[in-house]
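Here are the chains, one letter per residue:
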Amino acid sequence: MFDPVIAPSGTLLGLLQRGRGDGTLHALTAPRAEALAALNHCVLRDPRHDWQVENRSLYYARLFLDLSGELDEIERHLFDAEDVLDTCESRTGLALAVLGHLASYGRRDALELLRRYAASGTNWAWALDELALRDDDAGLRALAAPVLARFPADAEGEAELAATVRDAFEPRPWRLWADDPRESIGTRVRAAQEQGSFDRWQRQMRPSGPRPGWSVQAVFEWAQQGIDRGAALHVPAARCLTAVAGPEDRPEIVEAARGGGDGARCTALRYLADSNDPDALDLIAGAVADGSTTVAEAAVDAFERMRSVAAVDRARGWAHRPDTLGAASGRMLACRGGAQDSELVLGALREAVRGEGPDAPTLWTLVDGTGRLGIACAAPVLRHIYRETASSHLRGRAARALATTDPSFAAGFAVECLWDCEETTREVAARHAETGDARVVDQLRRLAADPAEEADVQTAVRSRIGPDMPAV
């Protein structure tokens, strides 16, 4: 899947793609046709950079309800010929999740669309999971025949069915179908359930990887085998070293960290860093200087995990380095530094935004650290990140940092955050937004009464506003 094209943050489409609260507020005041066009664009062309982590479905479903939006565009998208050609679940996953929330809100047309797609669509498993949470038993039982018809009644088909039942995210439909009196339904599903349980038992009885009695060298060889296959195993290999290595093995491990093969070197660096070995910091610096890209990345990761006073002191000296170790030092100080490190953390934050933009991965830790250290003069940079980032998770972190660094947050961004796509951001807003604005009180009441809202958000709301009071 290609990275989505995100519109400028000042446009209605850009706001909705980012999942910002201002997107909802602007859509409700824009011409309805324009708002629905932008909304459908987002639902049918998932704007998330990481669709498995970021939330949008409830945000878009609520806006569909507010706009009384029709589902014609979603229907055309789901049943388009491309559904057969593009089997990636990210093509239809967001649309199906939005339909699931709409069904929870009582939209019968959304429920019927989910049923139809579960019976005939390519991403039927996702639709079935949505229905498992929202449909009644009769509706689910009616889907048994079309779903099972996808699996041929031969050895290969039965094996595929067993794997599907075993890995199902929501087991409710399969449990219902296992009780079906029809042999073509109930008997097949029960057999698949039994086979899935047997497969799990077999995997548990035949574990792969290190065995008791392995030597340090054997662990290094196993890590190298992983690199040769394109799989990074140095993290579990370092844990294995903890179990098999003794004090007498330290010279061999240090030597591997200094100049061993990539697998051994990555494993040794991780092990020495986790055990706070006195030579670990120098070995990490050496690995970044002369190691391969794989080794340098492993060295930086190992360094960031260290929690010793010596590591924090070294980070203060490395923070000005223009390489990955310098960036990691800034992140370490953001996580574990003190008030005296505020200037270094702020410098790292500004440099990351200048050099990599508002979506740089390093910003997540730096933004958190800025809030932790209460760096008030970072507020302008945090506001820029909040407005421009396409990541709703990073925006939420920026909101939390602004709550501790920006006196204007409660009357500014906190208000729109009540409509944000991320529940953690809505929770921050519920705790900080000024209730002098009538929209704030109305939205707080709506969140408190919405059964789809997360419990933490509702707890925060109820701490601010009582059932019979306009504001507290």
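The structure displayed is predicted, hence computed values, not measured ones. (Residues numbered from 1 in each chain as written. Predicted model: local features only at pLDDT ≥ 70, side-chain atom pairs only at ≥ 80, totals over all residues. Heavy atoms only, no water.)

*Asks:* Just to check I follow, could you spell out the overall build of the protein for this structure?
*Replies:* Helix and strand counts for the protein come out as 30 helices and zero strands. Principal-axis analysis of the C-alpha atoms places the extent of the protein at approximately 70 × 65 × 40 Å. The 472 residues of the protein split such that 51% are buried. Sequence separation of at least 24 residues holds for 64% of the intrachain contacts in the protein that already meet a minimum separation of 6. (Helix = DSSP H or I, 4+ residues; strand = E, 2+ residues; numbered from the N terminus. Buried < 20%, exposed > 50% of the residue type's maximum accessible area, 1.4 Å probe, protein only. Contact = heavy atoms within 4.5 Å.)

*Asks:* Sorry if this is basic, but what is going on with the layout of surface pockets here?
*Replies:* Here the largest pocket is characterised by a volume of approximately 830 Å³. In terms of lining, the largest pocket is formed by 31 residues, of which the most central are S57, A97, W126, E130 and F169. Residue contributions to the lining of the largest pocket peak at seven residues, all from helix 9 (residues 124-134). When grouped by side-chain class, the residues that make up the lining of the largest pocket number 13 nonpolar, seven polar and eleven charged. (1 Å grid on protein atoms, 1.4 Å probe; cavity = no way out; pocket = protein on both sides within 12 Å on 5 of 7 lines; lining within 4 Å. Points joined across faces, edges and corners; volume = space filled by probe spheres on them. Nonpolar A, V, L, I, M, F, W, Y, C, P; charged D, E, K, R; others polar.)

*Asks:* What's the story with the pattern of salt bridges in this structure? I'm lost.
*Replies:* Tallied over the entire structure, the rule returns 39 salt bridges. Put simply, R20 and D22 hold a salt bridge, and the shortest N to O gap is 3.5 Å. One salt bridge in this structure joins E351 and R354, with 3.1 Å as the shortest N-O distance. Residue E351 and its partner R354 are both found in helix 23 (residues 342-356); the two are separated by three residues, about one turn of the helix. For E351, a relative accessible area of 47% puts it in the partly exposed group. Residues participating in the shared-partner salt-bridge network are R108, E112, R115, D135 and D136. (Salt bridge = Lys/Arg side-chain N within 4 Å of Asp/Glu carboxyl O.)

*Asks:* It is not clear to me how the nonpolar core should be interpreted in this structure. Could you clarify?
*Replies:* Generally speaking, a soluble globular protein has its nonpolar side chains buried in company with each other. The biggest cluster of nonpolar side chains holds 89 residues, and the ones touching the most others in it are F303 and L349. Those residues within four positions of F303 in sequence are excluded, and the remaining contacts are L281, I284, A311, A315, W318, L325, A328, S329 and M332. Of all hydrophobic cores here, the second largest spans 57 residues; its members include A27, A30, L44 and L71. (Core = buried A, V, L, I, M, F, W, Y, C linked by side-chain atoms within 4.5 Å.)

*Asks:* So what exactly am I meant to see when it comes to empty space enclosed by the protein here?
*Replies:* One water molecule sets the probe size; rolling that probe over the atoms shows where empty space is left. Here the structure, examined in full by the defined rule, presents one cavity of 30 Å³ or more. Put simply, the largest cavity is a space of about 100 Å³. For the largest cavity, the full set of lining residues is T24, Y59, R62, L63, D66, L418, W419, D420, R426, Q443 and R446. Residue assignment for the lining of the largest cavity shows that the elements contributing at least two residues are helix 4 (57-67) and helix 29 (438-449). The dominant element in the lining of the largest cavity, judged by the number of residues it contributes, is helix 4, at four residues. Residues of the lining of the largest cavity, tallied by class, amount to four nonpolar, two polar and five charged.

*Asks:* Just checking my understanding: could you explain helix 24 (residues 363-373) for this structure?
*Replies:* Owing to its 3.6 residues per turn, the α-helix aligns residues three or four sequence positions apart on the same side. Of the positions making up helix 24, those classed as buried are L363, L366, V367, G369, T370, G371 and L373. Contact partners of the buried residues in helix 24: helix 22 (324-336), helix 23, helix 25 (379-388) and helix 26 (392-405). Count one or two residues on from helix 24 and you reach G374, which has phi positive near 60 degrees.

*Asks:* Help me understand the packing of helix 7 (residues 93-104) against helix 9 in this model?
*Replies:* Each pair of packed helices can be described by the angle between their axes along with the distance between the axes. One way to put it is that helix 7 packs onto helix 9 with a least axis distance of 9 Å and a crossing angle of 15 degrees. Considering their axes alone, helix 7 and helix 9 lie roughly parallel with respect to each other. In this structure, helix 7 meets helix 9 at a crossing whose hand is right-handed. Residues G93, L96, A97, G100, H101, A103 and S104 of helix 7 pack against W126, A127, E130 and R134 of helix 9. Of the residues belonging to the contact of helix 7 with helix 9, the class tally is five nonpolar, four polar and two charged. (Axes fitted to C-alpha atoms, helices over the stretch in contact; angles between N-to-C directions. Parallel < 35°, antiparallel > 145°, perpendicular 65-115°, else oblique. Left-handed = near helix turned anticlockwise from the far one by under 90°.)

*Asks:* Is there a simple way to think about the packing of helix 24 against helix 26 in this case?
*Replies:* In contact at an axis separation of 8 Å, helix 24 and helix 26 are set at 15 degrees when each is read in the N-to-C sense. In terms of orientation, helix 24 lies roughly parallel with respect to helix 26. In the crossing of helix 24 with helix 26, the sense of the turn from one axis to the other is left-handed. In this structure, helix 24 uses L363, W364, V367, D368, T370 and G371 to contact helix 26, whose residues at the interface are H393, L394, R397, A398, A401, T404 and T405. A breakdown of the residues in the contact of helix 24 with helix 26 according to their chemical character gives six nonpolar, five polar and two charged.

*Asks:* Help me understand unusual backbone geometry in this model?
*Replies:* Negative phi values dominate among residues other than glycine, just as trans dominates among peptide bonds. Residue S68 is not a glycine yet carries a positive backbone phi of 50 degrees. Inspection of the secondary structure puts S68 in the loop between helix 4 and helix 5 (72-78). Of note, N276 is a non-glycine position whose phi angle comes to about 55 degrees, a positive value. Tracing the backbone through its elements, the reader meets N276 in the loop between helix 18 (262-274) and helix 19 (280-290). Residue classification places N276 among the partly exposed positions, given a relative accessible area of 42%.

*Asks:* So what exactly am I meant to see when it comes to the packing of aromatic side chains here?
*Replies:* The geometry of an aromatic ring pair is captured by the separation of the ring centres together with the interplanar angle, meaning the angle of the planes. Counted under the stated rule, the structure contains seven aromatic pairs. Directly above the aromatic system of F79 lies the positively charged group of R116, at a separation of 4.3 Å from the ring centroid. (Phe/Tyr/Trp six-rings, centres within 6.5 Å; stacked < 30°, edge-to-face > 60°. Lys NZ or Arg CZ within 6 Å of the ring centre and 35° of its normal.)

*Asks:* For this particular structure, what's the right way to read helix 17 (residues 250-259)?
*Replies:* If you check which residues of helix 17 are buried, you get I253, V254, A256 and A257. Across the axial projection of helix 17, the buried residues extend over an arc of 160 degrees, all falling on one side. Helix 17 presents P251 and G259 as exposed residues on the side facing more than 90 degrees away from its buried surface. If you follow the buried residues of helix 17, they end up packed against helix 15 (216-228), helix 16 (234-244), helix 18 and helix 19. (Arc of directions from axis to C-beta.)

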